[in-house]
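# Structural description and commentary
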Amino acid sequence: FGVERFFAKYEFAPKQKHLSNSDCETVSMQELLDMAKNSKARPCADVLDLWRTLDLGYTESSGHPKLREELRKVYQPVLSARGIPSSKVNIMTCVPIEGIVVSMNALLDPGDVIIVMEPCYQVLSEIAITRGCRVIPWFARFNDKTNLYEFDIQHDLRGIWQREVRGTSNAGIKMLVMNSPHNPTGWDCMSTARANEIREVMIEFGALEDTIVFCDEMYGRILDDDACSVASDVVTDDEKTDGSYPIFPTLLVRLNSKTIILSGLSKPQGLPGLRVGWLVTQDDNLFEKLCEQKDYTTICGSAPSEILAIAALRVQDEILLPRSRDTVRRNMILLRGALENTGGYHQSIDTASTIPSHPPVAPAGWLLPPLFELDGKNASSPKHLCCTLFITLGPRAIARFHTAEAFSQYLIDRFGLCLVPGECFYDPERGAEGTAGFRFGLGRRKFAENLAYLVVCLWELDKEE
C-alpha cells in the first residue's frame with residue numbers, strides 16, 4: 001500500500017515539510033464544539049446535549065440513528081428530485097477505508113471482472129486483486145496542453161467495455177470503480193456531460209441492470225457553490241432552497257440503482273481524526289451484504305466520533321467547507337504561479353531562514369505547471385476546485401533522477417521535504433507510464449510556506465546543473 005507506507009514513514013517525522021497531504025486543514029475538538037454552539041444556520045443544541053450525556057457503550061452497527069437521519073437530510077435534495085423518498089435510501093456509517101474493504105469483500109467473487117480508474121488510492125484495486133478478480137485499469141491520459149491527467153470516457157472506458165463485451169448483450173463487468181474528484185489527478189466526472197457519457201456507455205453495453213458502480217466521493221464536497229449547477233438536471237429551483245441542506249454534486253442517482261457512494265468527513269471537511277465515513281445505496285440487497293460484512297471489521301463506530309460527526313454535518317456548509325474552499329482556491333493559484341512563471345529568482349537554502357509567504361518563481365524544467373482552467377468571472381481563481389493535483393516531472397528532473405520515486409527520496413534526504421511520488425498510486429505488476437510526478441495536496445494553510453521552500457530547493461538543484 002504505497003501511499004500509506006510513505007506516510008507511515010514520513011508524515012509525523014520531526015522537521016519534515018509536507019506538500020502532499022490530501023486532507024484539508026483540521027480543527028481541534030473544542031473548535032468544532034464551539035462552531036456547533038455558535039452555529040446560526042443549523043442550531044446544534046440537541047447535539048451538544050448528546051455530547052454532554054454521551055454513553056461510552058457500543059453503538060448501533062449501521063450508525064447512530066441521529067447521524068443517519070442527518071445524512072438523509074444531506075442527500076434529500078437530489079433524491080426528492082428523482083421522486084425517491086430519503087427513507088428508501090440505505091445508509092451505513094463506517095471508517096472511510098473500511099467502506100472500501102467492506103464493499104469489495106462483500107460484493108466481489110473470484111473471477112469477477114472490474115474496471116478501476118488508475119492511478120488510484122491502491123485499496124480501490126488491491127482488495128479485488130486479492131479476491132481473485134480480474135482488474136482492468138482505466139488509465140488516465142496526460143494532456144500536454146494543460147500538463148494534467150484526464151480520463152477519456154468515450155475512447156478508453158467505452159473501449160474497455162467493448163473489448164469485454166464484444167457486441168453481446170451481457171456486459172460481463174461486475175463493478176465499475178470510480179473516484180471523483182479523483183485522487184491524485186483532481187479530475188472529476190460530476191458534471192452533467194461526463195455523468196451522462198458514462199451512463200450512455202453503460203446503456204450501450206447493457207450494464208445498467210447488472211454492473212455495480214462504486215464511487216469514492218470522499219473529496220466531493222470541495223466542489224464549490226458554482227459546481228452545484230452540475231446537478232441542475234435533477235433538481236428544481238424550488239428544491240434547491242427547500243430544506244436545511246444545499247444541493248451538491250453526487251453520482252448517487254445519476255448512473256443506476258446499483259450505485260454505491262462512499263463519502264465522509266476526512267478530506268474537504270478536514271476531520272480525518274474522527275474516522276467517520278458512510279456508504280449510501282438505493283439497492284436493498286447490496287446494502288444487506290454490506291451490513292453483514294461490517295460485522296467482520298469494526299462492528300460499530302466510535303460513540304464520541306459519531307456525535308461530533310453530527311455537529312460537523314450541521315456546520316460544514318456554514319464554516320468548514322467555505323474555509324477549505326478558500327484555502328484550496330488560493331493554493332491552486334499559488335502552485336500554478338510558482339511553476340508557470342520562470343525568472344531569475346534565487347535564494348540559497350543556507351540563507352532561507354525566513355520563507356516568504358508568497359512563493360517565489362521556480363526555475364524551469366523541474367516540474368510542469370498545472371494549466372487548469374481559470375474562472376471566466378475571476379481570472380485569479382480556478383474554475384474547478386480539487387484537493388489534489390498530480391504534477392508531472394519536467395525534462396530536467398527526469399534526466400537527473402529518472403523516476404519520481406528517486407526524486408522524492410532525494411528531496412526528503414537532502415531537504416526534509418516530502419512529496420508523494422506517482423509510483424505510490426499504480427499497481428507495479430501492471431505497470432504504467434504515468435508515474436513520473438508528485439501528488440500535491442492543496443488544503444493546508446502552510447502550503448504557501450512549504451511551496452516556497454520547494455522553490456528554494458529547486459533553485460539549489462538548478463545551481464548544480
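Summary of the structure given here. (Residues numbered from 1 in each chain as written. Predicted model: local features only at pLDDT ≥ 70, side-chain atom pairs only at ≥ 80, totals over all residues. Heavy atoms only, no water.)

### Considerations on the environment of P272
Considering the arrangement of structural elements, one finds P272 in the loop between β9 (259-264) and β10 (277-281). For P272, a relative accessible area of 23% corresponds to the partly exposed category. Sequence-wise, P272 and T26 are 246 residues apart; in three dimensions their C-alpha atoms are separated by 8.0 Å. Dropping the residues within four chain positions of it, P272 is found in contact with D23, L265 and S266. (Helix = DSSP H or I, 4+ residues; strand = E, 2+ residues; numbered from the N terminus. Buried < 20%, exposed > 50% of the residue type's maximum accessible area, 1.4 Å probe, protein only. Contact = heavy atoms within 4.5 Å.)

### Quick word on the sheet that holds strand β2 (residues 90-94)
The 7 strands are arranged β2-β10-β9-β8-β7-β3-β4 in an open sheet whose pairing can be described as mixed. The open sheet has two edge strands, β2 and β4 (134-139), and neither has a second partner. Across the sheet, the axes of successive neighbouring strands diverge by a mean angle of 20 degrees, strand direction being ignored. Of the strand pairs in this sheet, β2 and β10 are connected by 5 bridges, and their pairing is antiparallel. Bridging from a neighbouring strand, T93 pairs with W278 of β10. (Pairing = 2+ DSSP bridges. Axes fitted to C-alpha atoms, helices over the stretch in contact; angles between N-to-C directions.)

### As for the packing of aromatic side chains
Across all of its chains, the model carries 12 aromatic pairs by this definition. Pairing Y75 with F248 gives two aromatic rings, centres 5.5 Å apart and planes at 65 degrees, and the pair type is edge-to-face. You can see Y75 sitting in helix α4 (residues 65-81) and its partner F248 sitting in the loop between α9 (237-241) and β9, a full 173 residues away along the chain. Here the aromatic rings of W138 and W187 are separated by 6.5 Å at their centres, their planes lie at 75 degrees, and the arrangement is edge-to-face. Of the two residues, W138 is situated in strand β4 and W187 in the loop between β7 (175-179) and α8 (192-204); the sequence distance between them amounts to 49 residues. Residue class for W187 comes out buried when judged on its relative accessible area of 7%. In this structure, K17 packs its charged tip against the face of Y453, placed 5.3 Å from the ring centre. Positioned above the aromatic ring of F372, the side-chain terminus of R336 is 5.5 Å from the ring centre. (Phe/Tyr/Trp six-rings, centres within 6.5 Å; stacked < 30°, edge-to-face > 60°. Lys NZ or Arg CZ within 6 Å of the ring centre and 35° of its normal.)

### Quick notes on unusual backbone geometry
Comment: phi is negative for the bulk of residues other than glycine, and the bulk of peptide bonds are trans. At the junction of S180 and P181, the peptide bond is cis and its omega measures out at -10 degrees in the coordinates. Take P181: it is sitting in the loop between β7 and α8. In this chain, N183 is followed by P184 through a cis amide linkage whose omega measures 20 degrees. Examined against the element boundaries, P184 turns out to sit in the loop between β7 and α8. Not every positive phi belongs to a glycine, and N147 is a case in point at roughly 65 degrees. The phi dihedral of H402 falls on the positive side, at around 75 degrees, and the residue is not glycine. Looking at the secondary structure, you find H402 in the loop between α12 (395-401) and α13 (404-415).

### A closer look at the pairing of β2
Counting buried residues along β2, 5 of its 5 residues qualify, which places the element largely inside the surrounding structure. Where burial is concerned, the two faces of β2 agree: the one with N90, M92 and C94 and the one with I91 and T93 are both buried.

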